[in-house]
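Secondary and tertiary structure notes
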Amino acid sequence: MQRNILMKLERVSKTYDMGEVKVEALKESSLDIYAGELLVILGPSGSGKSTLLNIMGGMDLPSSGEIFFGDENLSQASEEILTRYRRNQVGFVFQFYNLIQDLTARENVELAAHLVKNPLSIEGILREVGLAERIDHFPSQMSGGEQQRVSIARAVVKNPRLLLCDEPTGALDYQTGILILGLLRKINQDKGCTVVLITHNTAIGEMGDRVVRMRSGEIFSITENQNPLSPERIEW
Amino acid sequence: MGILGKKLWRHIRHNKGQFLAVAAVVMVGIIAYIAMSSSYYNLSQSQENFYRENNFADYYFQVVKAPQEVMKQVEILPGVKRVTGRIQRDLPIIKKSGERATARVVSYTLPMENELNNLSLVQGRMFADNQRGSDVEVLLDPKFASANNLVWGDRVTVVVEGKETFLNAVGSAISPEFIYTMKDSADMLPDPQKFGIFMLESRQAQQVLNMPDQINQVLIEFSSGADQTQIIAAVKDILKPYGLLASYPRKDQLSHAVLQAELDSLRSVTLFLPLIFLGIAAAIQFVILRRMVKAQRSQIGVMKAMGYDNYRIMVHYASYALAVSILGAVLGTFLGLILAGSISQMYAQFFNLPGGMQGYNMKAIFYGFILSLSVGVAAGLTASRSVARIHPAEAMRPEPPQNSGKSLLEKLPLLWKELNPGWKMTLRNIGRNRGRFMLTLMGVVFAVALLIIAFFTNDAVDYIMQRYFYVGQTYDLSIRFNSLIQEKELLDINRMDGVQKVEGFLELPVKIHYQGKTQDEVLLAYPSDLSMKTMESGTGQPIQVPPDGILINQRTAAKLGVKEGDEVELETLLPIGPVHRDTVKIMGETRQLIGGGSYINLQRANRILQERNLVSGAMLKVETGKVGFVESEINKMLGVSSVLSRQKELQNFQKNMASMTYSVSLMILFAVVLGFAIVYNSSVMNFAERQREIASLRVVGYSTQEVSSLLLKENLLQSLFGVLLGLPFGRLVAGAYVKSVSTDLYTLPVIIYPLTYLFSALGGIIFIMLAHRFAIKGIKDLDLVATLKNSD
Ligand SMILES: Nc1ncnc2c1ncn2[C@@H]1O[C@H](COP(=O)(O)OP(=O)(O)O)[C@@H](O)[C@H]1O
Ligand SMILES: [Mg+2]
C-alpha cells in the first residue's frame with residue numbers, strides 16, 4: 001500500500017535546561033506520520049509523549065533533529081511561521097479541555113473558526129459532536145465529556161490536516177471516554193483528518209492504525225494494527 | 001463585536017466592581033484635569049482678552065500733583081505707545097447707614113477707546129461727557145454696588161476736604177486694573193462693604209477734587225521692543241518736579257498680582273494632581289492585567305495553540321485598559337465640565353471679569369482623552385507584554401510555584417516560629433505579591449496625604465483666624481482719619497460713652513532702600529505701651545516694637561536681602577508735604593499671616609517726619625454691647641475715613657474663606673475614591689487569586705467569618721502601614737502645596753492640628769474597611785464545588 005507521508009520527524013531530541021540539571025525529555029526519535037491514519041502514542045507518564053506531540057504541533061521546537069510538514073522544514077521555524085502552521089494545519093485537543101470560561105460552546109468554536117478562511121459550519125460541527133442542544137451553554141454548565149466535545153469541535157472546525165489529542169480521555173470516566181474516542185475515529189474517517197492520539201492507557205492502543213510505544217524519551221517500538229478495534233469494543 | 005470582544009465584555013461584567021473602581025480613579029484624574037485646565041483656560045483667556053481690549057497699562061507712576069500738560073512730554077518719548085494721565089484718590093464714603101467706607105476715585109477721559117485701563121460698562125449707562133445736573137455722575141464697581149444694594153439713580157456721599165459731596169450712581173463698570181478690588185496689599189482680602197472703585201469723567205473729577213487741569217497718575221504702554229528701562233528713567237525725570245511718589249510695573253499692580261497668582265497656582269496643580277491619579281490608575285491597571293494574564297495563562301496557551309499570534313492576544317488584554325480609560329475619560333470629561341462651570345462661577349464671585357467664562361475648551365477635552373487613553377494603553381501593553389513570554393506548551397502544564405524564595409521574615413527563624421499559621425500565610429502572600437503590596441501601600445499613602453491636605457487648609461485658616469483676630473489684635477474698632485492729626489485729639493474719642501481705651505497709630509508709606517534695591521512698604525507705627533495688638537517674630541514668638549529701628553516684614557526682608565542688624569534708608573511717600581529720608585536699623589523680622597507691613601515705634605516715626613505726636617488712626621477698646629453705638633458716633637465725625645470693627649473683619653474673612661470648604665470637600669471625595677479603589681482592587685485580586693485556598697479552608701471547616709478575617713489581616717497590614725506613612729507624607733506635600741500657592745500677598749502657615757492627623761488616619765481606616773467589606777462579599781457566595789473543580 002502506497003502511503004503519503006504527512007509529517008516526518010528525524011532524530012528529534014528535546015532537552016530542558018533546568019539550570020543545574022538537564023532533562024532529556026526526548027531522545028533522537030524518528031517517526032513518519034501518514035496522511036489519514038489514526039496514530040496512537042502509548043507510554044507511561046513522563047515518557048516524553050507530550051513533548052513529542054508539542055513538537056509535532058509547532059508548539060515547541062526540537063533541540064536537535066529535523067521535522068518536516070510536507071515539504072516545509074519546521075525545525076528552526078520562526079514564531080510567525082509556527083503560528084501560521086498551527087493556525088492553518090493543526091487542531092489541538094487537551095486533557096483538561098481548556099475552554100474559555102467566559103464564552104459559550106458556540107463562541108469557543110467561533111474563536112477558532114475566525115482564524116481560517118474556510119472553516120466548517122460551526123453549528124454543523126457542534127451537531128456532529130452531539131451538542132446541538134447545548135450550543136449556547138457556558139463551559140461551567142456542561143459535564144466534562146460535553147466540554148471535551150466542545151474542545152474537539154473547536155479543534156476540528158478549522159478543518160485541520162492534523163488533529164493532535166493529548167490524553168483526551170484522561171479526565172473522563174470510561175463510558176464518556178469511549179464516546180470521545182468514537183468521535184475521534186469518526187472524524188478521522190469522515191474528514192480524512194490525520195489523528196495523533198496520546199494516552200498512557202494501553203487498551204486504547206488497539207483502536208490505532210499504528211501504535212508508537214515510548215519509554216524514557218525514546219520510541220522503542222512502532223507496530224501496525226491489521227485490524228484496529230472500533231472504540232466501542234475497547235475495554236479497560 | 002468579535003469573539004474576543006465578547007470575552008472581554010463578559011469578563012468585565014463578571015468583575016464589574018473592579019472595573020468600575022479603576023475607571024473611577026481614571027475618572028477622578030480626568031475630572032481634576034478637565035476642571036482645572038478649563039478653569040485655567042477660561043480665566044486666562046478672559047484675562048488676556050480683557051487686558052488687550054481695554055489697553056491694560058504696562059507701567060504706573062504716582063505723583064503728588066502735576067499739570068495735565070506733562071503728558072505731552074511723555075507722549076513723545078520714543079517707545080511709548082500710549083499714555084494716560086488721570087487722577088486717583090481715596091475718599092471717605094458716608095453710607096446711608098452712616099457707616100464709613102473708602103472710595104477710590106479714578107478719572108477717565110472720554111472718548112475712552114484709546115486710553116489705557118479703560119472701562120467696560122456692566123450695567124446702567126456710561127457717565128455723560130457734558131454733565132449739567134447738580135450731582136456728578138459716577139460708575140461703581142459691581143461688587144461695591146451689589147454689596148451696598150445700590151441701584152442706578154441712587155445718591156452716594158463722599159467727603160472731599162471736609163465737605164460732603166453727592167454723586168449720582170448711573171451704572172457699574174469694570175476695568176483690567178480692578179479685577180480684584182482690594183484697597184492695598186496690607187488688607188489681603190477684598191471687602192466690598194468697605195471699599196469700592198468710583199469712576200468719574202475726568203473734568204468732573206478735577207472739579208470734585210479741586211484739581212483743575214491736573215493729574216496725579218501717569219500710565220504708559222510700551223511699544224514692542226522698546227527699551228523699557230530707559231523710558232522709565234526718562235518718565236521719572238519728567239515727573240520728578242511734581243513729587244514722584246511711586247512707580248511700579250504691571251506685575252506689582254495689586255489686582256494683576258492676585259489674579260496672576262491664582263492663575264499660576266492653578267496651572268501648577270493642573271498637571272500635578274491629575275498625573276497622580278492617572279499614574280495610580282495606570283499602576284492598578286497594570287497590576288490587574290498582569291494578574292489577568294497570569295490567571296488566564298492556560299487560556300492564552302490554548303489561543304496560541306489554535307494559532308492566535310502574540311499581537312492579537314496582547315491587544316485583547318490591552319483593550320481592558322482601553323475600556324477602563326474610555327469609561328473614565330467620558331465620565332471624567334462630563335463631570336469635569338460641570339465642575340469647571342462651578343469653579344468659574346466661584347471665580348466670578350471674586351473677580352470683576354467680563355462675562356462668558358463658561359467656554360468649553362475642546363483642547364482640554366482632547367488632551368484629557370489623549371492623556372487617559374495613552375496612560376491606559378501604555379499600562380495595558382506593558383502588562384500584557386508577558387503574553388509573549390507564555391509558551392503554549394508550557395502553559396498547558398500546571399503552573400510551577402512562584403517565587404519559591406523565602407520571605408524576609410522567614411530568614412529570621414526565631415521570629416517566624418512564633419507566628420501562627422494564619423500570619424505565616426499572610427506574610428508569605430505579601431512576600432509573593434510585592435508589586436501589588438507596594439501599589440496598595442502607595443495608593444493608601446496618597447489617599448491619606450490627600451485627606452491631610454484637605455483638612456489642613458481648614459486648620460491653617462482656623463489658625464490664622466485665632467492668631468490674627470483673637471490673639472494678634474484685641475481692639476474692637478479701628479479708625480483711620482483723612483489726614484494726620486495730633487494724638488491729643490484722640491481725647492475726644494476717649495471721652496465717648498463706652499470707650500475704654502484708645503491707642504493711636506500712624507501708617508506711613510515709605511520706600512525702603514538697601515544696597516541699590518528698593519521696596520515700597522507701609523510702616524505701621526505704634527506707641528511703646530501698645531496693648532491692643534501683638535506682633536509675631538519670624539518664628540511665631542511675641543515680639544515688642546523696639547524704641548529705635550524697625551521690625552521688618554519677613555517677605556520684604558527676603559526681597560531686599562536684609563537681615564537683623566543691617567541699616568536701611570527710608571524715604572517717605574506721603575501725598576502731601578516734603579519727602580523725608582532717614583536711616584534705621586533692622587531690629588528683627590516679623591511674620592504676618594494676613595496682610596503686610598513693617599513696624600516702628602510711633603515716636604520714632606514722628607521723628608522721621610520731623611513732627612511730634614502725629615497719628616493717622618486709632619484702635620479702640622469698647623465696653624461690650626456698646627460697639628455699635630460707638631461706631632455710629634464715630635461715623636458722624638467728618639475727619640474719619642474708615643471704621644473697621646473686628647467683628648465685621650472676622651465675618652468678611654470667614655465669608656472669603658467659605659469657598660475653601662468647597663475645594664476641601666472635593667479633595668476629600670477624591671481621596672476617598674482613590675483609597676477605596678486601590679484597597680478594593682487589591683482585596684478583590686487577592687480574593688480571586690486565592691479562591692481555591694479559601695474554598696479549601698471552607699471545606700476543611702473554616703467559617704466565612706474566619707476566612708474573611710484572614711484576608712482582612714493582610715489588607716490591614718499593608719493599608720495601616722500606608723496610613724502611617726501617609727501622615728508624614730501628607731505633612732510634606734502640604735508644605736510643598738503651600739509653597740506652590742503662596743504669593744507675595746499671602747501665605748498659609750503649614751499648621752496641622754493633631755486632630756487632623758487623627759481624622760485622616762480614621763478616614764483612611766474607614767475606606768479600607770469599606771473596601772474590604774465590598775471585596776469579600778463574594779466569600780459567602782463562593783461555590784465550593786465549582787471553585788475546586790475549575791482549573792481557570
Ligand atoms: N517545560 C519543561 N521543563 C522541564 N522539564 C519538562 C518540561 N516539559 C516536560 N518536561 C519533562 O520532560 C519529561 C517528559 O515530559 P512529557 O513529555 O510531558 O511526558 P508525558 O507527556 O509522557 O507524561 C518529564 O520528565 C518532564 O518532567
Ligand atoms: Mg503528557
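Details of the structure are given in the entry above.
A brief structural summary. (Residues numbered from 1 in each chain as written. Chains lettered and ligands numbered in written order. Predicted model: local features only at pLDDT ≥ 70, side-chain atom pairs only at ≥ 80, totals over all residues. Heavy atoms only, no water.)

Quick look at the site of ligand 1
Near ligand 1, the surroundings consist of 14 residues, among which A:Gly46, A:Gly48, A:Lys49, A:Ser50 and A:Thr51 are the closest. Neighbouring residues of ligand 1 are not confined to a single chain but are spread across chains A and B. Between A:Tyr16 and ligand 1, the recorded distance is 3.4 Å, taken from a side-chain N or O atom to a nitrogen atom. When ligand 1 sits alone it has 560 Å² of accessible area, and the protein chains cover 76% of it. Going through the elements one at a time, strand E1 (5–18), strand E2 (21–34) and helix H1 (49–56) of chain A are the ones with two or more residues in the shell around ligand 1. Per element, the largest residue contribution to the shell around ligand 1 is three residues, and it comes from H1(A). (Near = heavy atom within 4 Å. Polar contact = N/O pair within 3.5 Å; in protein donor to acceptor, adjacent residues only side chain to side chain. Areas by Shrake-Rupley, 256 points an atom, 1.4 Å probe, with all protein chains shown as cover. Helix = DSSP H or I, 4+ residues; strand = E, 2+ residues; numbered from the N terminus.)

Some thoughts on the sheet that holds strand E11 (residues 244–249) of chain B
Residue and element names in this part refer to chain B. Strand order in the open sheet made by the four strands is E2-E10-E1-E11, with antiparallel pairing throughout. What marks the edges here is a single partner per strand, and that holds for strand E2 (80–86) and E11. Going from strand to strand, the sheet's axes swing by 20° on average, the running direction of each strand aside. Note: strand E1 (residues 59–67) against strand E10 (residues 214–222), six bridges, orientation antiparallel. Its bridge partner being in E10, tyrosine 60 is matched across the sheet by leucine 219. (Pairing = 2+ DSSP bridges. Axes fitted to C-alpha atoms, helices over the stretch in contact; angles between N-to-C directions.)

Quick look at the nonpolar core
Membership of the largest hydrophobic core comes to 189 residues, with the highest contact counts inside it found for A:Met7, A:Leu9, A:Met56 and A:Leu163. In this structure A:Leu163 touches A:Gly91, A:Val93, A:Ala155, A:Val156, A:Leu184, A:Ile187, A:Cys193, A:Thr194, A:Val195 and A:Val196, once residues within four positions along its chain are discounted. Residues B:Ile479, B:Leu490, B:Ile552 and B:Val622 belong to the second largest nonpolar core, which totals 39 residues. (Core = buried A, V, L, I, M, F, W, Y, C linked by side-chain atoms within 4.5 Å. Buried < 20%, exposed > 50% of the residue type's maximum accessible area, 1.4 Å probe, protein only. Contact = heavy atoms within 4.5 Å.)

Some points on the sheet that holds strand E6 (residues 90–93) of chain A
All names here are of chain A. Judged by pairing direction, the sheet is mixed, and its six strands sit side by side in the order E6-E7-E8-E3-E9-E10 without closing on themselves. Every interior strand has two partners, whereas the edge strands, E6 and strand E10 (218–224), have only one. In this sheet, adjacent strand axes meet at a mean angle of 15° when their direction is disregarded. Relative to the sheet, helix H6 (residues 174–191) contacts strand E3 (38–42), strand E7 (162–166) and strand E8 (194–199), its axis offset from that of E8 by approximately 155°.

As for the interface of chain B and chain A
Counting residues at the interface gives 25 residues for chain B, matched by 25 residues for chain A. Taken over both partners, the interface formed by chain B and chain A buries close to 2400 Å², and the fraction arising from carbon and sulfur atoms is 57%. It is B:Ile3, B:Arg10 and B:Met306 in chain B that bury the most area against chain A; as a group they hold 27% of the surface buried on that side. Counting every contact that joins chain B to chain A gives three salt bridges. One salt bridge in this structure joins B:Arg10 and A:Glu107, with 2.5 Å as the shortest N-O distance. Counting the contacts that link chain B with chain A gives 10 residue pairs in polar contact (both at pLDDT 80 or more). Where the side of chain B that touches chain A is concerned, the elements lending two or more residues are helix H1 (3–14), helix H8 (297–306), helix H9 (310–350) and helix H12 (392–395) of chain B. Partitioning the side of chain B that touches chain A into residue classes produces 10 nonpolar, eight polar and seven charged. (Buried area = accessible area lost by both parts, 1.4 Å probe. Salt bridge = Lys/Arg side-chain N within 4 Å of Asp/Glu carboxyl O. Nonpolar A, V, L, I, M, F, W, Y, C, P; charged D, E, K, R; others polar.)

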